[in-house]
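Chain by chain, the residues run as shown.
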Protein chains: 4
Amino acid sequence: MTLPDCLRAAVDEAKTRVAALHAELPRWDLVVWTAGNVSERVRGTGGHDDLFVIKPSGVSYDELDADAMVVCDLDGKLVEGSRNPSSDTAAHGYVYRHMAEVGGVVHTHSTYAAAWSARGEEIPCVLTMMADEFGGPVPVGPFAIIGDDSIGRGIVETLSGHRSPAVLMQNHGPFTIGKTAKAAVKAAVLLEEVARAVHISRQLGEPVAIEQDAIDALYDRYQNVYGQR
Amino acid sequence: MTLPDCLRAAVDEAKTRVAALHAELPRWDLVVWTAGNVSERVRGTGGHDDLFVIKPSGVSYDELDADAMVVCDLDGKLVEGSRNPSSDTAAHGYVYRHMAEVGGVVHTHSTYAAAWSARGEEIPCVLTMMADEFGGPVPVGPFAIIGDDSIGRGIVETLSGHRSPAVLMQNHGPFTIGKTAKAAVKAAVLLEEVARAVHISRQLGEPVAIEQDAIDALYDRYQNVYGQR
Amino acid sequence: MTLPDCLRAAVDEAKTRVAALHAELPRWDLVVWTAGNVSERVRGTGGHDDLFVIKPSGVSYDELDADAMVVCDLDGKLVEGSRNPSSDTAAHGYVYRHMAEVGGVVHTHSTYAAAWSARGEEIPCVLTMMADEFGGPVPVGPFAIIGDDSIGRGIVETLSGHRSPAVLMQNHGPFTIGKTAKAAVKAAVLLEEVARAVHISRQLGEPVAIEQDAIDALYDRYQNVYGQR
Amino acid sequence: MTLPDCLRAAVDEAKTRVAALHAELPRWDLVVWTAGNVSERVRGTGGHDDLFVIKPSGVSYDELDADAMVVCDLDGKLVEGSRNPSSDTAAHGYVYRHMAEVGGVVHTHSTYAAAWSARGEEIPCVLTMMADEFGGPVPVGPFAIIGDDSIGRGIVETLSGHRSPAVLMQNHGPFTIGKTAKAAVKAAVLLEEVARAVHISRQLGEPVAIEQDAIDALYDRYQNVYGQR
C-alpha cells in the first residue's frame, strides 16, 4: 500500500504537528528515554480510508523531526516511513477504528499517573482544574499486555461515553484522547499535574470532595467558554 | 470604551512588566500548559478610572509578549486587546475594586499549594522564610466557582486585614496579592516553596512551632529592612 | 604499559561515546556535582587484553569531553590519561573481568534508587515498563565499601544469571550493566524512573502485582521485538 | 574604611569566584527568588585584617556578576560595594571570626534540608555518599533569629570539632562551611541530595544503619584519596 496523492498535503501537515507535539512530552516531564508517543488521525478523502501519523519505535526524542514520523493505516500497517512504528501502534489504531470523534491519541508512562495505575485506583475529583478538564474522576482501565487488541479494547471500553479524555491502564500508564493530537497532549499534561497534586494532597489527609453539581458546572463552562473562540 | 490617551504610556509599561512576569511562572514551575495569570493595576489619572493589564485566556506561555496582553476596566470589561481576557479576570477585578492598596494579583494552580487547598488546610508557620514573607500561617478561602463574584469575594474577605499576601482557595489553588505585580509573583513563588517544604517536613513527623513573638520580629524586619532601599 | 596501536581507533571511538553518555546522567537528573560514572569495554585484538574507558575522579560534568576520559586495563590500572580514574574503577574492572558479555557499566547515586538501597529493599515489579526492561524485581546487593573487590564481587554475584541489568548496592546506590555503555545508561535512566514511580505508588497503598507469565511475556517481547532492527 | 591596595587582586578574584558559585545555587535547585548566599574569605596581608566577599541583599540571581558582589570586614561592615550586603552577613562574619580554617560559607533554604530543620531532626547517616562528605549525621543547630550574634554562634557551636561541614538551623535551613567557597557550595549541594534521599527512604520504612567503623573508613578515604591531587 502506498500513500494516495490526495492525502499528501494533509499527511505532511500532520507529521509537522505530531513532531512538534512530541517535544511537549519531555518539556512537561512526561517521558524518559524513548518512552511515550503521540499520534494524529488524517481523515480519508476521495474514497480513501483514514490514516494516522505516529512516532517510530525506540527513537530518541532528539531525533523526532517531521521526516522521522511514520504513517499507518487504522489496522496499524505501515504505509509510509523507513522505520518500525511505535510498539503501541495497534492500540492507537484500535482507538481510531472504534471512536470516530477521536483525532489524536497520546500514551506516556508519566510518573504520578503510573503510580495511580499501579494501584489500579482512579483519581478522585478534588480540584477545580480536574473538574474543568476531566469532568470527574479519571478512570482505570483493565490490565492488558501488548500482542493483541486488549489494550485498545480496554481504552475504548473505559472511555466510551465517559467525560474523561484520560484512562489509567492498570500497571501500565495513561492513554489520553482528543479531537486533535494537541488536545490529547494537553490532557496528558493536565493528567500528570492532577495525578501529582491529588497524590500529594492525600499524603497528609483526605481531600475535600467537590459536589457533583459544582463539577458539572465547571466542566460545562470549561468545555464551552474557556480560551479563544 | 477605549483607552484614554493619558493612560497610554502607563498601560504600555504595565504590559511589558506583566508579560515579563508571566515568564516567571513556568520558570519557577508554578504552572502547566496555559494555566495561571498575572495582572497589574494601572492607576487612573485625569478623572479616568483604574484599569488593569492581564493575560488573555488559554494562550501558551511561549506567545505571551507585551502585545498579547489585554486591558480591562475594574469590572473586568475588555478595554483593549484582540483576545478574550483570562477566565479569572472577574476575580482580579473584584480584588482591585475592594482592596485599594493592591497593585498586582497572581493566580496559579502550583502543585503543593493546590494540595493544601484540596484538603482545605492552612499552612502552619514553621519556617523563618514563611514568617518573613507571610507573617504567620497561609489562610484558606472558601470553595467558590467561576460565574459570579464568589471567588473575588472569598479572596478579599480572607486577606483583608491579614498579613499573608496569599490565600489558598479551597479545592482550587492560590491567589496572591502585592503592592506591585512583581511583589504578587514573588509571593506566589515563595508560597509554593513553603507549601512544599512544610508538606515534606510533616510527612515524617510534626514540625516545631515558631513562637509568636519570633514570627512578629521576623515579619517586621523582613518587611522593613530586607533588600535594597 | 602503553596503549597498543591496534586499539587506538577503538579506544578513541569509545572515549567519544562515553563522554557523550556522561551528559545523559545530569540530563536525566541521576547525579549531583561530580558523582556518577560510565565506562565502556574495548575488546582486545591481536593478542592484547581488553581495556575500558572511564571518567576521571572528581571532575565536573561541564569538563567531560572525550579527551578528559581515561583508559584502564581490566585490573583498573591506568593505561592512558593524565588524571586519576574514577574511584569506582576497581568495581567496573571486576565486572568486566567476570562477566564476559558486559560491554558497559554505569554507577550513579540517583535519588529514588538510593532510597530503596538505604532500606536494602528490592523494587517489586508492578509496572509493565519494569517487566520490559528488568524482567522482574530489581535486586539488592550486599553492603560493601571501597578498598578491595567487595563492591565488584557484590555486583557480579547479584547480577549473574539474573534478568535485571541493575543492582541496588545496600546503603550505596545502583550499578547497571549492558551489552554497550548506552544500554547500561538506558538501564540507569529507567531504573530511577521505576524506583520513583513504584515508591510513589506505594506511598498511598499496595500496588497490584503483575502475574509471572505476564512479566515473562513482556520481557521476552521487549528484549526481542522493541525498537528498530 | 576603604580596601587596601595590597588586597585588590585577591578581592577581585574572590568576587569572580563567588559570582560564579552563586550560579550553582539555582542550577542545583537550592534557592528560589533571591534567597541564599555564598561568601568567601580574603585573607589579610601586610597587617590588614581579613575581609569577605558576599552577595548583596534581595538581588535577583540573573544580576549576580562579579561587579555586583560586595566586600565586608569580619564584623560585617561594608568595605566596598554600592548595595547593602546580604541580610545574613553577620552570621557569615561570625563564622569567619571564630573558625580560622573556614574559607567559605553558604546559606540556602534548600527544600529537603529545610524540612528536616523544621522538625529539628538530624539526618541519620545511612548512605555511603553521606559518610564520604559528612562523616556521620548532619547535626541540628538552635533556633535563632536575625538581629544579634545568635545565628553565627549557633553555627560555630554546632560545627566546631564536628566532621560535618553542614548544620541545619532549626526552623530555618542549612549553613555549610568549607576551606573554600567552592567546598562550601559542594557541601550545600550534597546536603540537599542526602536530605532528599534519606527522607524518601524513610517514607516507606527504616533505612539500614551503617556501622561506625565503615563510616570512619569511608570518610577517611574520601577526604584523603578522592579526586585529583
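Per chain, the residues get numbers from 1 upward, laid out in the order the sequence is written. By the order in which they are written, chains take letters starting at A while ligands take numbers starting at 1. With the structure being a predicted model, the display of local features is reserved for residues of pLDDT at least 70 and the display and counting of side-chain atom pairs for 80 or more, all residues being used for whole-chain, interface and lining totals. Excluded from the side-chain calculation are hydrogens and water; included are all heavy atoms of the structure.

Draft legend 1. Spotlight on the interface of chain D and chain C. Whether two residues are in contact is decided by their heavy atoms, any of which lying within 4.5 Å being enough. Each partner contributes to the interface: chain D provides 33 residues, whereas chain C provides 31 residues. Counting the surface lost from both chain D and chain C, the interface buries some 2,800 Å², and carbon and sulfur atoms represent 62% of this. In this structure, C:Asp62 and D:Arg27 form a salt bridge, with 3.1 Å as the shortest nitrogen-oxygen distance. Polar contact criterion, stated in full: a pair of N or O atoms within 3.5 Å, where within protein one must be able to donate a hydrogen and the other to accept it, and residues adjacent in sequence count only if both atoms are side-chain atoms. One can count 11 residue pairs in polar contact (both at pLDDT 80 or more) joining chain D with chain C. Counting from the N terminus, the helices are the DSSP runs of H or I reaching at least four residues and the strands are the DSSP runs of E reaching at least two. Those elements that provide at least two residues to the side of chain D that touches chain C are α2 (24-27), α5 (128-134), α7 (181-203) and α8 (212-224) of chain D. Top element by residues in the side of chain D that touches chain C is α7(D). It accounts for 11 residues. Following the grouping adopted for this structure description, the nonpolar residues are Ala, Val, Leu, Ile, Met, Phe, Trp, Tyr, Cys and Pro, the charged ones are Asp, Glu, Lys and Arg, and the polar ones are all others, Gly among them. The residue makeup of the side of chain D that touches chain C, split by class, is 18 nonpolar, six polar and nine charged. Here the quantity called buried area is the total loss of accessible area, with a 1.4 Å probe, experienced by two parts when brought into contact, counted for both. By salt bridge we mean one thing: a side-chain nitrogen of Lys or Arg within 4 Å of a carboxyl oxygen of Asp or Glu.

Draft legend 2. Here's a closer look at the relation of the copies chain D and chain C. Of the transformation superimposing chain D on chain C, the axial component is 0.0 Å and the angular component is 90°, with the fit at an RMSD of 0.0 Å. Considering both components of the superposition, the chain copies are consistent with a four-fold axis. Nearest to the rotation axis, the C-alpha of D:Gln203 is located 5.3 Å from it, this being the minimum over chain D. Little of the interface of chain D is mirrored in chain C, where only 3% of its interface residues are also at the interface. For this overlay, a least-squares fit was computed on C-alpha atoms, restricted to residues scoring pLDDT of at least 70 in both copies.

Draft legend 3. Main features of the sheet that holds strand β5 (residues 104-107) of chain D. All names here are of chain D. Taken together, eight strands build an open sheet; the order of strands is β4-β3-β2-β1-β5-β8-β7-β6 and the sheet is mixed. For this open sheet the edge positions go to β4 (78-80) and β6 (140-141), each flanked by a neighbour on one side alone. The criterion for strand pairing is that DSSP finds at least two bridges linking the strands in question. In this sheet, β4 lies alongside strand β3 (residues 70-73) in antiparallel orientation, the contact comprising two bridges. Directly across from Val71, in β4, lies its bridge partner Glu80. Angles run from 0 to 180 degrees between N-to-C directions of axes, and those axes are lines fitted to C-alpha atoms, restricted for helices to the stretch in contact. Its contacts with the sheet place helix α4 (residues 111-119) against β7 (166-169) and β8 (173-178), and it is angled at close to 55° to β7. Contacting β1 (37-42), β5, β7 and β8, α7 crosses the sheet at an angle of about 140° to β8.

Draft legend 4. Main features of the relation of the copies chain A and chain B. It takes a turn of 90° to lay chain A on chain B, together with a shift of 0.0 Å along the axis; the resulting RMSD is 0.0 Å. A low fraction, 3%, of the interface residues of chain A reappear at the interface in chain B, so the copies pair through non-equivalent surfaces.

Draft legend 5. View of the interface of chain A and chain B. At the junction of the two partners, chain A supplies 33 residues and chain B supplies 30 residues. Buried area between chain A and chain B, both sides added, is near 2,800 Å², and the carbon and sulfur share of it is 62%. Applying the counting rule to chain A against chain B returns one salt bridge. Counting only elements with at least two residues in the side of chain A that touches chain B, the list comes to α2 (24-27), α5 (128-134), α7 (181-203) and α8 (212-224) of chain A. Per-element tally for the side of chain A that touches chain B: the top contributor is α7(A), with 11 residues.

Draft legend 6. Spatial organisation of the sheet that holds strand β5 (residues 104-107) of chain B. Residue and element names in this part refer to chain B. If you walk across this open sheet you meet the eight strands as β4-β3-β2-β1-β5-β8-β7-β6, and the pairing is mixed. The strands lining the two open edges of the sheet, one partner per strand, are β4 (78-80) and β6 (140-141). By the bridge criterion, four bridges tie β5 to strand β8 (residues 173-178) in an arrangement that is antiparallel. Across the sheet, Gly104 pairs through a bridge with Gly178, a residue of β8. Those strands touched by helix α6 (residues 150-159) are β6, β7 (166-169) and β8, and its axis lies near 135° from that of β7.

Draft legend 7. Broad picture of helix α3 (residues 89-98) of chain C. Residue and element names in this part refer to chain C. Think of it in three bands: with a 1.4 Å probe and only protein chains considered, a residue is buried below 20% of the maximum accessible area for its type, exposed above 50%, and partly exposed in between. Most of α3 sits out of view: seven of its 10 residues are buried. Looking at α3, one finds that the buried residues are Thr89, Ala91, His92, Gly93, Tyr94, Val95 and Tyr96. Structurally, α3 contributes buried residues whose contacts are with β1 (37-42), β2 (51-54), β3 (70-73), β5 (104-107), α6 (150-159) and β8 (173-178).

Draft legend 8. Looking closely at the packing of aromatic side chains. Residue and element names in this part refer to chain B. Here the aromatic set is Phe, Tyr and Trp, taking the six-membered ring for Trp, and pairing holds for ring centres within 6.5 Å; pairs whose planes are under 30 degrees apart are stacked, those over 60 apart are edge-to-face, and all others are tilted. All told, the structure shown has eight aromatic pairs over all chains when counted by the stated rule. A centroid spacing of 5.1 Å and a plane angle of 45° characterise the contact between Phe52 and Tyr96, whose relative ring orientation is tilted. Residue Phe52 is located in strand β2 (residues 51-54), and its partner Tyr96 is located in helix α3 (residues 89-98); the two are separated by 44 residues in the primary sequence. This pair shows no difference in class: Phe52 is buried, exactly as Tyr96 is. Ring-over charges, as used throughout, are those where CZ of Arg or NZ of Lys falls within 6 Å of the ring centre and within 35 degrees of the ring normal. A cation over an aromatic ring shows up here: Arg119 above the ring of Trp116, its NZ or CZ 4.9 Å from the ring centre.

Draft legend 9. Summary view of the confidence of the model for chain A. With 98% of its residues at a pLDDT of 70 or more, chain A shows a mean pLDDT of 95. Taken over the whole predicted complex, pTM reads 0.96, whereas the ipTM for its chain interfaces reads 0.95. Per-residue confidence from the predictor is given as pLDDT, running between 0 and 100.

Draft legend 10. Spatial organisation of the packing of helix α3 (residues 89-98) of chain A against helix α6 (residues 150-159) of chain A. All names here are of chain A. Packing of α3 against α6 brings their axes to within 8 Å, and their N-to-C directions diverge by 40°. Relative to α6, the element α3 is oriented oblique. Two packed elements cross with a definite hand, and for α3 against α6 that hand is right-handed. Across from Ala91, Tyr94, Val95 and His98 in α3, the residues of α6 making contact are Ile151, Gly152, Arg153, Ile155 and Val156. Here is the rule for angles: anything less than 35 degrees is roughly parallel, anything more than 145 is roughly antiparallel, 65 through 115 is roughly perpendicular, and the remaining ranges are oblique. For any pair of crossing helices, the crossing counts as left-handed if the nearer helix is rotated counterclockwise from the farther one by less than a right angle, and right-handed if it is rotated clockwise.

Draft legend 11. Geometry of a negative patch on the surface. To count toward a patch, a residue needs a relative accessible area above 30% and no salt bridge. Like charges then connect within 9 Å, nonpolar side chains (Val, Leu, Ile, Met, Phe, Trp, Tyr) within 5 Å. Per-residue accessibility takes into account occlusion by the displayed protein chains alone, with areas from the Shrake-Rupley method and a 1.4 Å probe. Neither His nor the chain ends contribute to the count of charged residues, in which Lys and Arg are positive and Asp and Glu negative. Charge placement uses NZ in Lys and CZ in Arg. For Asp and Glu, CG and CD serve respectively. Taken together, the side chains of A:Asp29, B:Asp29, C:Asp29 and D:Asp29 define an acidic patch exposed on the protein surface. The topology assignment puts D:Asp29 in the loop between α2 and β1. D:Asp29 sits in the exposed class, given a relative accessible area of 62%.

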